Amino acid sequence: MGISGKRIVLGVTGGVAAYKAAVLTRELQRAGARVQVVMTEAGARFVGPATFQALTGEPVFVDQWDTRIANGMAHIELSRAADAIVIAPASADFMASLAQGRAGDLLATLCLARECPLAVAPAMNRQMWENPATQRNVQQLRDDGIEVIGPDSGDQACGETGMGRMLEPDALVEAIGAWLAPKRLAGRRVLLTAGPTFEPIDPVRGITNRSSGKMGFAIARACVAAGADVTLVAGPVSLPTPWAVRRINVQTAQQMHDAVHGELDTASAAVRAHDLFIAVAAVADWRPANYRDSKIKKTDGNAVPELAFAQNPDILASVARRAHPPYCVGFAAESESLEAHGLDKLARKGIPMLVANIGHETFGLDDNELLILEHGSQTRLARAPKALLAHELVRHIAERLS
Ligand code: CTP
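Just so it is clear, the model here is predicted, and its values are computed rather than measured.

Overview of the overall build of the chain
Working step 1: Scanning the chain from N- to C-terminus turns up 14 helices and 19 strands.
Working step 2: Dimensions of the chain, computed from the C-alpha atoms along their principal axes, are close to 80 × 50 × 40 Å.
Working step 3: When each of the 402 residues of the chain is scored for burial, the buried share is 48%.
Working step 4: Across the chain, the fraction of contacts at a sequence separation of at least 24, relative to all contacts at a separation of at least 6, is 68%.
Working step 5: Of the accessible surface of the chain, which amounts to about 19,000 Å², a share of 50% is contributed by carbon and sulfur atoms.
Working step 6: Looking at the chain, you have 41 positive and 43 negative side-chain charges, and the mean spots of the two groups are 2 Å apart.

Structure follows, in structure tokens:
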């Protein structure tokens, strides 16, 4: 895919999974990459530099003060020559140092001095992975635009079973390939909605739903990775704004509707119109009809107040009805008759593509399974992490746009 002809700096840090980095080196070469290995001192304790030197035919660097590169600029020389840097295995300590922008050794320094994309493949024991400090660092890396590949779950060297294992080399090569793949949405403007909406009843109460926003945020990230200019209209979620994404926060369906149309209206002779609208938000179909601007008290009269509802605008259908609509992609969560309801929704909303969640208990989970419905065709995306599915979906959509 995106590996052939690339010069990849493979960073090996301290973890028992360092032994897999030797196979990874081979697999990357087989996929057409030139591999230059840089190790941390801890990494070099697990597997000797001689192994990588023999595999790559290139000198392996560990020491920041290595004199083999002239004028003491190894970090600049190595990162300048690279098309991408991949850290595999990436230890918890190395990720912490990346998250803080530290330059404590040669590998950390060349990551800091890079101009090329950087990916990390975490490898550690389950407790270290689950530690809130590690999770915080991983989130920071993602927010900084660093690709986090894996980890996987399974047997660990410490005898435990759980999340934290580095992906196997063949899976890693595939993920790296997808990550370095062509920018399929280069020059495209993409508008997305994500998350739930919140429909207030009074100043302290309201109606919302269980959408976590994770799928929509993952798709926004995948669109950025594919080279698009991305605006995300987000309902109330606590997720951080993905790197390079412009975010507009809203609460209610009406606000989401207005923000979306306001954004689409910015197109002019000078500003390119949006090419793509992806409606991932779980928009409330109804809102309480009579908002009370002071808190409804138990002592107000009726012990059990009755709520009357008013219809919210259908954002997706209204975008599809615009004079020059962008390519519209809808999402659907159905509890039954997925296909029939999905096809019906496709027609009702007047859109070319609807993505249905298979299984309705995916709220807040990191995995999902999708069925892409189009007029006359169906494509199933097998269960996978939302981030991976997002890339596959974006690839599928990009084919329709081109
Ligand atoms: N949608 C929207 N505005 C609404 C309701 C839904 O933009 N007021 C969008 C969602 O973002 C999603 C798609 O429409 O992309 C389908 O949402 P869903 O809730 O499954 O469909 P509904 O239109 O609400 O239909 P139903 O409740 O009958 O399933």
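Moving on from the model shown.
What about the packing of helix α10 (residues 214–225) against helix α14 (residues 386–401)?
Working step 1: As a packed pair, α10 and α14 sit with axes 8 Å apart at the nearest point and diverge in direction by 55°. Regarding the angle of α10 to α14, the classification is oblique. Viewed along their axes, α10 and α14 form a crossing whose handedness is right-handed. Contacts from K214, M215, A218, I219, A222, C223 and A225 of α10 reach α14 at K386, A387, L389, A390, H391, L393 and V394.
Working step 2: Its residues assigned to classes, the contact of α10 with α14 shows eleven nonpolar, one polar and two charged.

Remarks on the pairing of strand β3 (residues 84–90)
Working step 1: Taken across its seven residues, β3 has seven buried, putting it largely inside the fold.
Working step 2: Both faces of β3 are covered, namely the face carrying A84, V86, A88 and A90 and the face carrying I85, I87 and P89.
Working step 3: Across four bridges, strand β1 (residues 7–12) lies against β3 in parallel orientation. The partner of L10 across the bridge, within β3, is V86.
Working step 4: In this sheet, strand β4 (residues 118–122) lies alongside β3 in parallel orientation, the contact comprising four bridges. Counted as the bridge partner of A90 is P122 from β4.

What about the nonpolar core?
Working step 1: Ranked by internal contacts, the top residues of the largest apolar core, which has 38 residues, are I219 and I278.
Working step 2: The contacts of I219, once residues within four sequence positions are left out, are L192, I278, V280, F331, A390, L393 and V394.
Working step 3: Of all hydrophobic cores here, the second largest spans 32 residues; its members include V86, M166, V173 and W179.

Some thoughts on the site of the ligand
Working step 1: The ligand sits among 14 residues. The nearest are A279, A281, F331, K345 and K349.
Working step 2: I315 is positioned with one of its backbone polar atoms (N or O) 3.0 Å from a nitrogen atom of the ligand.
Working step 3: Between the ligand and the protein, one listed contact pairs an oxygen atom with a backbone N or O atom of F331 at 2.8 Å.
Working step 4: Alone, the ligand offers 570 Å² of accessible surface; in the complex the protein occludes 80% of this.
Working step 5: Taken together, the elements giving at least two residues each to the shell around the ligand come down to α12 (315–320), β16 (327–333) and α13 (338–349).
Working step 6: Taken together, the residues of the shell around the ligand break down into nine nonpolar, one polar and four charged.

Comments concerning the packing of helix α5 (residues 92–99) against helix α8 (residues 132–143)
How two helices pack is summed up by the angle between their axes together with the distance between the axes.
Working step 1: Relative orientation of the contacting elements α5 and α8 amounts to 50°, with a least axis distance of 9 Å. By the criterion of interaxial angle, the relationship of α5 to α8 is oblique. Handedness of the α5/α8 crossing: left-handed. Each of A92, M95, A96, L98 and A99 in α5 lies in contact with α8, whose residues at this interface are T134, N137, V138, Q140 and L141.

Things to note about the packing of aromatic side chains
Working step 1: This model, assessed by the stated rule, comprises zero aromatic pairs.
Working step 2: A cation sits over an aromatic face here: R68 above F61, 4.6 Å from the ring centre.

Overview of the pairing of strand β11 (residues 229–234)
Working step 1: Of all six residues in β11, five are buried, a share of seventy percent or more.
Working step 2: Sheet analysis places strand β8 (residues 189–194) next to β11, joined by six bridges and oriented parallel. Each bridged residue has a counterpart across the sheet, and for V190 the counterpart in β11 is V230.
Working step 3: Sheet topology note: the β11/strand β12 (residues 245–249) ladder contains five bridges and is parallel. Within β12, the position partnered with A234 by the bridge is N249.

Thresholds applied
- All residue numbers refer to positions counted from 1 along the written sequence of the respective chain.
- Thresholds applied to this predicted model are a pLDDT of at least 70 for local features of residues and 80 or more for the giving and counting of side-chain atom pairs; totals over whole chains, interfaces and linings are not thresholded and use all residues.
- Side-chain calculation: all heavy atoms of the structure are included, whereas hydrogens and water are not.
- For helices the rule is a DSSP run of H or I covering at least 4 residues; for strands it is a run of E covering at least 2, with both sets numbered from the N terminus onward.
- Each residue gets one of three labels from its accessible area relative to the maximum for its type: buried under 20%, exposed over 50%, partly exposed in between, using a 1.4 Å probe on protein chains only.
- By the convention used here, residues are in contact when the closest approach between their heavy atoms is within 4.5 Å.
- The accessible surface values rely on the Shrake-Rupley method and a 1.4 Å probe; as for residues, cover is taken only from the protein chains in view.
- Counted as positive: Lys and Arg. Counted as negative: Asp and Glu. His and the chain ends are not counted at all.
- Where a charge sits is defined by one atom per residue type, namely NZ (Lys), CZ (Arg), CG (Asp) or CD (Glu).
- Orientation is described by lines fitted to C-alpha atoms, with helices fitted over the stretch in contact, and by angles between N-to-C directions that extend from 0 to 180 degrees.
- Throughout this description, any angle smaller than 35 degrees is read as roughly parallel, any larger than 145 degrees as roughly antiparallel, any in the 65 to 115 degree range as roughly perpendicular, and the remainder as oblique.
- Helix crossings fall into two classes, left-handed where the near helix is turned counterclockwise from the far one by less than a right angle and right-handed where it is turned clockwise.
- Following the grouping adopted for this structure description, the nonpolar residues are Ala, Val, Leu, Ile, Met, Phe, Trp, Tyr, Cys and Pro, the charged ones are Asp, Glu, Lys and Arg, and the polar ones are all others, Gly among them.
- Any two strands are treated as partners once DSSP identifies two or more bridges connecting them.
- By nonpolar core is meant a set of buried Ala, Val, Leu, Ile, Met, Phe, Trp, Tyr and Cys residues that side-chain atoms within 4.5 Å join together.
- Any residue with a non-hydrogen atom lying within 4 Å of a molecule or strand is treated as near it.
- Within 3.5 Å is the distance limit for a polar contact, defined as a pair of N or O atoms, with the added protein rule that one can donate a hydrogen and the other accept it, and that residues adjacent in sequence qualify only through two side-chain atoms.
- Any two rings among Phe, Tyr and Trp, with Trp reduced to its six-membered ring, count as a pair given centres within 6.5 Å; such a pair is stacked if its planes are under 30 degrees apart, edge-to-face if over 60, and tilted if neither.
- We call a charge positioned over a ring when the NZ of a Lys or the CZ of an Arg lies within 6 Å of the ring centre and within 35 degrees of the ring normal.

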